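Survey of secondary and tertiary structure
Listed below, chain by chain, are the residues.
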Amino acid sequence: MAAHVDHDHERAADGERGHRDVGGDRQADRQNEEEGADGLGDVVSHVVSHHGLPGSSLAARRVAPLAFLSRTARGGKGAAVFERMLTRVRERMPPMPPCRLMPRRAAQAGRAQGAPVRQRSGTLRLRSLYRRRILVGAARIAFQGTASMTDVVRTRFAPSPTGYLHIGGARTALFNYLLARRLGGRFAVRIEDTDQARHVPDAEGRLLDDMLWLGLEWDEGPRVGGPHGPYHQSQRLEHYREHARRLLDEGKAYYAFDTREELEAMRAAAQREKRGFRYPRPARFPSERDAQRARAEGRPVVVRLRMPEQDYVIRDTILGDVSVRAQEMDDFVCIKGDGWPTYHFAVVVDDELMRVTHVLRGQEHLINTANHLALQQCFGYRTPVYAHLPIILNMSGSKMSKRDNDKLVRQAVRTASAAGKLTPAQLAEIAGCDAETAARWLEGDVQLDDAALRAVARRVGVVLPEIQIHDFRVSGYLPEVLLNFIALLGWSAGDDREKYTLDELCAVFSVERIGRTNARFDRDKLLNFNTTALAAAPAERKLAGLRDYLAVNEQSPLRGLGDDVLAKLIEISPTARIFRDIDEKAAALFVPDDRLEYDPDAVDKVLTRGDRAGLKTLAAVRDALARLGDWSAAELERALRAYSESSGQGLGKVAQPIRVAVTGTTVSPPIFDTLALLGRERSLARIDAALRRSGG
RNA sequence: GCCCCCAUCGUCUAGAGGCCUAGGACAUCGGCUUUUCAAGCCGACGACACGGGUUCGAAUCCCGUUGGGGGCGCCA
């Protein structure tokens with residue numbers, strides 16, 4: 001039973017593509033033109049179709065040289081050899097009986113009964129062929145063949161403006177940018193602001209600023225315009241309405257009036273019966289008048305696509321062919337109750353209208369693509385080239401998201417509350433919201449906005465890990481380093497090289513070299529990258545970077561310092577990993593003397609502990625310093641080294657008490673520079689204050 | 001629950017059936033250096049998830065198991 005033929009889903013074994021009628025016609029035709037009717041693509045699909053049969057590895061071995069030859073196969077004497085080998089491969093491989101797509105379990109049952117069953121998606125076969133690069137030649141043709149042979153390559157980044165740009169989004173943007181640059185095409189940004197409920201004011205500006213900070217400039221989009229605008233979906237509603245109208249008129253879509261509760265109940269029922277949910281399509285579609293009546297009654301009115309009853313094959317450049325069976329497809333909503341389009345609908349309409357040729361996006365969109373193929377089919381639109389990027393996970397293995405930070409802080413707040421250290425009223429005040437919102441946040445019902453979350457985190461002493469691009473800017477990373485690092489998440493050039501500038505990436509990037517496995521975001525490695533880059537960067541770059549860091553760190557005491565001082569700070573911090581290191585190390589130098597805070601642990605460890613040896617040293621050194629004529633770093637070093645030698649203690653024993661006395665902590669730039677920067681008066685005053693405080 | 005994708009050191013990865021005793025980078029550990037924090041230098045540890053199959057030969061091709069991830073919205 002497993003292998004019986006279902007005429008609707010019959011697929012000829014010699015490589016006929018499942019989505020022929022999804023705009024695949026044109027695609028297949030053009031490919032054939034490229035390769036010749038009996039070209040490599042044909043052989044490959046032949047092999048792919050039969051790979052499950054014995055002798056397949058033999059076939060693969062035969063195909064390898066064919067692929068190699070394919071470059072010379074179009075004309076010249078290579079063609080004859082190519083043809084001969086082609087024939088031999090075909091003779092060895094009889095066509096496989098047609099079969100239909102089926103779930104894994106049915107396939108297993110079929111195989112057990114000895115039926116010829118092909119693996120459901122064919123992805124594995126394609127993938128393995130890709131891996132051996134047998135297909136690379138063909139893949140390149142397929143990848144460019146869909147559109148780029150006749151059109152200029154156009155990629156887009158289509159973020160939803162709900163906050164800052166995050167790592168995954170940045171990588172998507174970067175890859176789209178690189179592909180456009182590599183193929184001499186254009187890169188557009190489109191704002192997908194179709195969710196009125198979740199509209200976050202200002203989010204778009206922040207997102208775009210983050211992109212610019214990274215150096216990702218777009219050819220078309222907000223702020224710069226372009227020939228296919230407007231580039232905000234909120235300004236394109238006419239297009240969507242028009243398109244929906246078309247589907248409605250042609251009977252390819254229909255009105256539906258279900259409430260959320262009704263839908264929820266249906267889904268729950270499906271779950272209970274252990275089947276996937278599909279919207280129950282009515283036998284007769286509601287009329288325009290029915291829709292008006294429903295509206296008058298206050299019922300929600302949406303437009304659903306009448307999903308064509310067929311399998312879809314997503315031809316993905318990275319993943320290979322991914323099949324989605326008809327029974328998995330649903331009559332999804334195209335137009336929401338508020339009259340705005342859903343993502344699926346808007347994306348298909350806009351990608352066509354904006355002439356997008358290549359779609360690179362996260363793998364979380366992979367299955368959605370089937371919906372898009374269906375819509376393209378209904379409109380008669382062509383299908384862009386798809387490439388779904390592996391997902392970036394955080395180190396714990398889950399998807400990276402802002403929610404993690406929310407959770408982290410919430411947990412800390414609960415602990416603090418339980419210990420009586422934080423009252424609900426205080427929480428609300430810190431977060432800058434009313435008590436009710438604060439309570440709801442504590443329950444996990446809502447998320448705090450960025451500033452509020454930061455404020456609360458600071459209060460409960462939680463150091464937030466960087467998640468969004470902006471976080472890395474605030475921490476003091478170099479944008480070019482972050483970009484370099486992100487590029488390596490899921491992509492490699494195939495050699496041992498790891499350091500690239502954006503221009504260099506443009507030159508070597510290729511979609512074929514994007515991997516299929518999810519990548520974890522390794523902060524330690526990024527830190528190392530930044531450390532190395534910072535050490536190697538010219539002084540001007542570092543100064544500009546530090547300025548940028550200060551621009552987004554309002555509370556830093558280094559703010560407002562002149563370039564000469566900042567340059568000096570950079571000079572005396574040659575081993576800083578991020579700009580925050582410089583900031584934290586030098587901060588104490590720039591707070592007023594009477595506001596200097598002493599770290600009790602530092603005071604205890606360095607000054608008072610062990611019979612107050614540190615204080616004694618400090619007092620002795622103070623007098624030596626006071627006698628100095630020239631308060632320069634060089635002179636200070638000479639004096640302190642001389643003292644350390646004459647007193648028979650290591651320099652550390654001398655430097656640390658001074659350090660704690662003048663900075664309040666055990667960490668600062670080199671002690672000589674620290675003193676020089678602080679100046680004679682303030683240095684001595686701070687030392688005196690420290691001696692007084694500790695009763696020295 | 002249903003569907004889909006994925007699988008090489010702890011992490012990112014290289015790997016085109018024989019060049020693999022599996023390469024590089026980060027992390028870790030040990031040593032050196034050292035005025036703090038760092039940084040630097042030298043060295044070590046460390047992986048083909050498991051079970052079948054194909055093949056003279058498998059990290060690589062096939063099947064299965066296990067594990068991980070994603071989707072199942074009037075979010076995108």
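Above this text sits the structure in question.
Here is a short report on the structure shown in this document. (Residues numbered from 1 in each chain as written. Chains lettered and ligands numbered in written order. Predicted model: local features only at pLDDT ≥ 70, side-chain atom pairs only at ≥ 80, totals over all residues. Heavy atoms only, no water.)

**Quick look at the overall build of chain A**
Condition: Helix numbering and strand numbering both begin at the N terminus, where a helix is a DSSP run of H or I of at least 4 residues and a strand a DSSP run of E of at least 2. Each residue's exposure class comes from its accessible area (1.4 Å probe, protein chains only) as a fraction of the maximum for that residue type: buried when under 20%, exposed when over 50%, partly exposed otherwise. In this analysis, two residues are considered to be in contact whenever any of their non-hydrogen atoms come within 4.5 Å of each other. Every accessible area reported is derived by Shrake-Rupley at a probe size of 1.4 Å, with residue values counting cover from the shown protein chains alone.
Looking only at helices and strands, one finds 30 helices and 11 strands in chain A. A total of 696 residues make up chain A; the buried ones form 50% of that total. The long-range share in chain A, meaning contacts at least 24 apart out of those at least 6 apart in sequence, stands at 74%. Roughly 33300 Å² of accessible area belongs to chain A as shown, and the carbon and sulfur atoms make up 50% of that amount.

**So, the layout of surface pockets**
The criterion, for reference: Space inside and on the surface of the protein is sampled on a 1 Å grid over the protein atoms alone, with a cavity defined as a set of points where a 1.4 Å probe fits but cannot get out and a pocket as an open set with protein on both sides within 12 Å along at least 5 of 7 lines; lining residues have an atom within 4 Å of a point. Grid points are joined across faces, edges and corners, and a volume is the space filled by probe spheres set on the points. Three categories are distinguished: nonpolar for Ala, Val, Leu, Ile, Met, Phe, Trp, Tyr, Cys and Pro, charged for Asp, Glu, Lys and Arg, and polar for the others, with Gly belonging to the last.
The calculated volume of the second largest pocket comes to roughly 1300 Å³. In terms of lining residues, the second largest pocket is bounded by 39 residues, among which R458, V474, N553, Q555 and R580 are the most central. Elements supplying a minimum of two residues to the lining of the second largest pocket: α18 (450-459), α19 (469-475), α23 (539-551) and α25 (579-586). With five residues, α18 is the single largest residue contributor to the lining of the second largest pocket. Split by residue class, the lining of the second largest pocket holds 17 nonpolar, nine polar and 13 charged.

**Concerning the side chain of Q310**
One can find Q310 in the loop between β4 (302-305) and β5 (312-316). Since its relative accessible area comes to 13%, Q310 is described here as buried.

**A short note on the pairing of β4**
Worth spelling out the cut-off: The rule for pairing is simple: two strands pair if DSSP sees at least two bridges between them.
On β4, burial covers both faces: V302 and R304 on one face and V303 and L305 on the other are all buried. In this sheet, β4 lies alongside strand β3 (residues 253-256) in antiparallel orientation, the contact comprising four bridges. Residue Y254 lies in a different strand from β4, and its bridge partner there is R304. Sheet topology places β4 next to strand β7 (residues 333-335); two bridges connect them, and they run antiparallel. Pairing of R304 across the sheet is with V333, part of β7.

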